[in-house]
Amino acid sequence: MMPTTTAQMCAAVHGTLCGDGALTVSEISTDSRSIGPGAWFVPLTGERFDGHDYIDMALDQGAAGCFCARMPETVRPDKTYILVENTRTALRDLAGWYRGQFNIPVVQITGSMGKTTLKELLAGVLSERFCTLKTPGNLNGDIGAPLTLLGLTRSHQAAVIETGMDEFGQIRALGQAVRPDVAIITCVDDVHLSHFQSREDILRAKAEIFENLRPGGLAVLGGDDPLLNTLRLDCDVARCGLGEGCNVRLTDLEDLGLAGIKCTVVTEKARYPLDIPSPGVHMAVLAAIAAAAAERLGLTAEEICRGIAGYAPADNRLRVERLTGGRIMINDSYNANPRSVRADLAILAKHTGGKRIAVLGDMTELGSAEESGHRDVGRTVGELGIEMLLAVGERSKKWMVPAAKEAGCADVRWFASRDEARDALLPHFAPGDAVLLKASHFICRFDLMADQLREYRF
């Protein structure tokens, strides 16, 4: 964050200043445990915690001051306070004001899946020309996105901001801070049905992203998504995909299996022959979206093609890793939903030279689609001829396992824990075999299994 006075901050968040308005702040923190000297503390509240309880701790560790929705009992004369109605809202308002200090192109991304992959892909492309800020990891919520914006400096020439949501109004609120020049929805799927009643509700919540698109901006959509194709927007729209209704078309698609994808993206202005070093047809669609956004921001065909060819997946997101003895681990362990699992199984099915083993776990946040989603995945395992399924979790036991057996998978096993599945995998994971790791992150933590397989001496 560039040096900003507390008077400026107070005006940005419509607060009441108590202390030194000339004090300069260049770091914002929401964590009292690791706050640095001179930083500004933002105490957040949740169902089970209240950051206001840690204001004194943050100030003791050197924080210059803080936002607060209620003033501490003891106000320190050497510290500065800004009283606000809501500290979370104040963080977002500060980020929105701060973003307004930069006249640079900003891209906002949302979607039911593919957000982080697209963010990494597009930021890599834009970095061929611009010094580009991007959301770290998947910190895409109402804390992570504002903190990302507050990381802008005068060295940055572009930004790619990922935004997620689990209720109406979140994308709108984040968009008010981001104010994108390009706004992207990758797709709409069942992954939010634990928070919404229908896919149509998810679409309406995602479509809030276009309410804060800057004048002359571009909306970019996954053009093969039926629900996204129902949107009618009063701005330039790039629909990207394989369908005839797409104005950014994928042609000459060549699936190289685990080696990646070759394709050509055709826009109204140019043709982009792409080599995508990551497997899956869905990667071609994301590359088309990235190409459309980058073209709008003025990159050349050479820059776009080079940036996409240089793509490297984020940790635990569809990484094809070569292990000892010619074994292959398809590590997509960060998270899972039925659509992404089916896409990964299609990639696994293209492996030749050894067994195909799927290690799959429970998928969360599916709401009314929980049973059908797990059954669809199990059925896909059998239909694709995957030789072995090792399933983890109660949802998988109830729905995925029987569906896989019914669909003809010859070797289906269920385990209560990740470690049990790993121990069962090891004697069957032979040279030349390929294993897919995929599950919802917070209940299965298959990333830990990936670490163990990477280090295991077969």
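That block above? That's the structure.
Residues numbered from 1 in each chain as written. Predicted model: local features only at pLDDT ≥ 70, side-chain atom pairs only at ≥ 80, totals over all residues. Heavy atoms only, no water.

A. Local environment of the pairing of strand β15 (residues 261–266). Here strand β14 (residues 248–255) pairs with β15 via 5 bridges, running antiparallel. Bridging from a neighbouring strand, leucine 250 pairs with valine 265 of β15. Connecting β14 to the antiparallel partner β15 that follows it, the hairpin turn spans 5 residues, and glycine 257 within it adopts a positive phi of roughly 65 degrees. Inspection of the sheet shows β15 paired to strand β16 (residues 271–276) by 6 bridges, in the antiparallel sense. Within β16, the residue paired with cysteine 263 across the bridge is leucine 274. In this antiparallel pair of consecutive strands, β15 and β16, the connection spans 4 residues. (Pairing = 2+ DSSP bridges. Helix = DSSP H or I, 4+ residues; strand = E, 2+ residues; numbered from the N terminus.)

B. Expanded view of the sheet that holds strand β4 (residues 28–29). The sheet built from 5 strands is open, its strands ordered β2-β7-β6-β5-β4 with mixed pairing. In this open sheet, the two strands that pair with only one neighbour each are β2 (16–18) and β4. As paired strands, β4 and strand β5 (residues 40–41) are joined by 2 bridges and run parallel to one another. Pairing of serine 29 across the sheet is with phenylalanine 41, part of β5. The sheet strands contacting helix α1 (residues 6–13) are β2, β4, β5, β6 (65–68) and β7 (80–83), and the helix crosses β7 at an angle near 10 degrees. Across the sheet, helix α3 (residues 87–99) touches β4 and β6, and the angle it forms with β6 is around 115 degrees. (Contact = heavy atoms within 4.5 Å. Axes fitted to C-alpha atoms, helices over the stretch in contact; angles between N-to-C directions.)

C. Structural context of the packing of helix α4 (residues 115–126) against helix α9 (residues 301–309). The contact between α4 and α9 brings their axes to 8 Å, and the two run at 135 degrees. By the angle class used here, α4 and α9 are oblique. Between α4 and α9 lies a crossing whose hand is right-handed. Residues Leu121, Gly124 and Val125 of α4 touch α9, and the partners they reach there are Glu303, Ile304, Gly307 and Ile308. When the residues that make up the contact of α4 with α9 are grouped by side-chain class, the tally is 4 nonpolar, 2 polar and 1 charged. (Parallel < 35°, antiparallel > 145°, perpendicular 65-115°, else oblique. Left-handed = near helix turned anticlockwise from the far one by under 90°. Nonpolar A, V, L, I, M, F, W, Y, C, P; charged D, E, K, R; others polar.)

D. Looking closely at the sheet that holds strand β17 (residues 319–322). The strand order β17-β18-β22-β19-β20-β21 describes an open sheet built from 6 strands, whose pairing is mixed. For this open sheet the edge positions go to β17 and β21 (411–415), each flanked by a neighbour on one side alone. Between one strand axis and the next, the sheet turns through 15 degrees on average, direction left out of account. Across 5 bridges, strand β19 (residues 356–361) lies against strand β22 (residues 434–438) in parallel orientation. The residue of β22 that forms the bridge with alanine 358 is leucine 436. On the sheet, helix α13 (residues 418–425) packs against β19, β20 (388–392), β21 and β22 and is oriented at approximately 160 degrees with respect to β20.

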